[in-house]
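Chain by chain, the residues run as shown.
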Amino acid sequence: MAAAFVTGSTTNTSWAQTRSTSAFCTKPSKLIATTSRSTITQNASTIHMSRTFFVGGNWKCNGSKNMIKELVEAINADPAAHADASKVEVIVAPPASYLDYTKSILRPDWQVSGQNCWIKEGGAYTGEVSADMLADIGCKWVILGHSER
């Protein structure tokens, strides 16, 4: 079963990962911990942290299949959008009905996020999207805590 873990936040909204990505090592002079956004290493008595910047775009309730195709093709072709993936993690959040389509045409170093997530497993909850459903289509992120709800 997938679960959503809050990893960052803005004023009213939190980005969450749909599964844990942390790894730990017990050797004190080696890698201590890593997540999808930061790495902590220890050299002698100093701990160094290299941070990956996070950029997320929520498309809200906007778009159509044609608009998404045009936008993603422009993003994929723009040389300015080709930042070093080890330094910038980019996530886009299209409406739920376009998640799989967007993921299929988006450049592979960018990720797709769900815009919301139901708090329970699947069941008789019309219109809801569970963390398991998002993880099943490869979404590692979801946005939680919307001010307009």
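Residues numbered from 1 in each chain as written. Predicted model: local features only at pLDDT ≥ 70, side-chain atom pairs only at ≥ 80, totals over all residues. Heavy atoms only, no water.

Asker: Would you mind showing me how to read the side chain of Glu89 here?
Answerer: The topology assignment puts Glu89 in strand β8 (residues 88-93). Within the local environment of Glu89, its side chain forms a polar contact with the side chain of Gln111, the two groups lying 3.1 Å apart. (Helix = DSSP H or I, 4+ residues; strand = E, 2+ residues; numbered from the N terminus. Polar contact = N/O pair within 3.5 Å; in protein donor to acceptor, adjacent residues only side chain to side chain.)

Asker: I'm lost on unusual backbone geometry in this one. Help?
Answerer: Negative phi values dominate among residues other than glycine, just as trans dominates among peptide bonds. Although it is not a glycine, Lys60 adopts a positive phi angle of roughly 50°. By the element assignment, Lys60 lies in the loop between β7 (53-58) and α1 (65-77).

Asker: What am I meant to see in the nonpolar core here?
Answerer: In globular proteins that are soluble, nonpolar side chains generally tend to be buried together. Val92, Leu106, Trp110, Val112 and Leu134 are the most contacted members of the largest nonpolar core, which totals 16 residues. Elements with a contribution of two residues or more to this core: α1, β8 and α3 (131-136). In terms of residue count, α1 provides more of this core than any other element does, three residues in total. For Val92, the residues in contact, after removing those within four places along its chain, are Gly57, Trp59, Thr102, Leu106, Trp110, Gln111, Val112 and Ser113. (Core = buried A, V, L, I, M, F, W, Y, C linked by side-chain atoms within 4.5 Å. Buried < 20%, exposed > 50% of the residue type's maximum accessible area, 1.4 Å probe, protein only. Contact = heavy atoms within 4.5 Å.)

Asker: I would appreciate a short explanation of the pattern of salt bridges in the present structure.
Answerer: When their charged atoms lie close together, side chains carrying opposite charge are able to pair. If you walk through the whole model with that rule in mind, you get two salt bridges. Residues Lys69 and Glu73 are paired through a salt bridge, measuring 3.5 Å at the closest nitrogen-oxygen approach. Residue Lys69 and its partner Glu73 are located together in helix α1, separated by four residues, close to a single helical turn. Judged by its relative accessible area of 37%, Lys69 is partly exposed. A salt bridge links Arg107 to Asp109, with the nearest nitrogen and oxygen atoms 2.7 Å apart. Note on Arg107: relative accessible area 7%, which makes it buried. Take Asp109: its relative accessible area is 33%, and that puts it in the partly exposed class. (Salt bridge = Lys/Arg side-chain N within 4 Å of Asp/Glu carboxyl O.)

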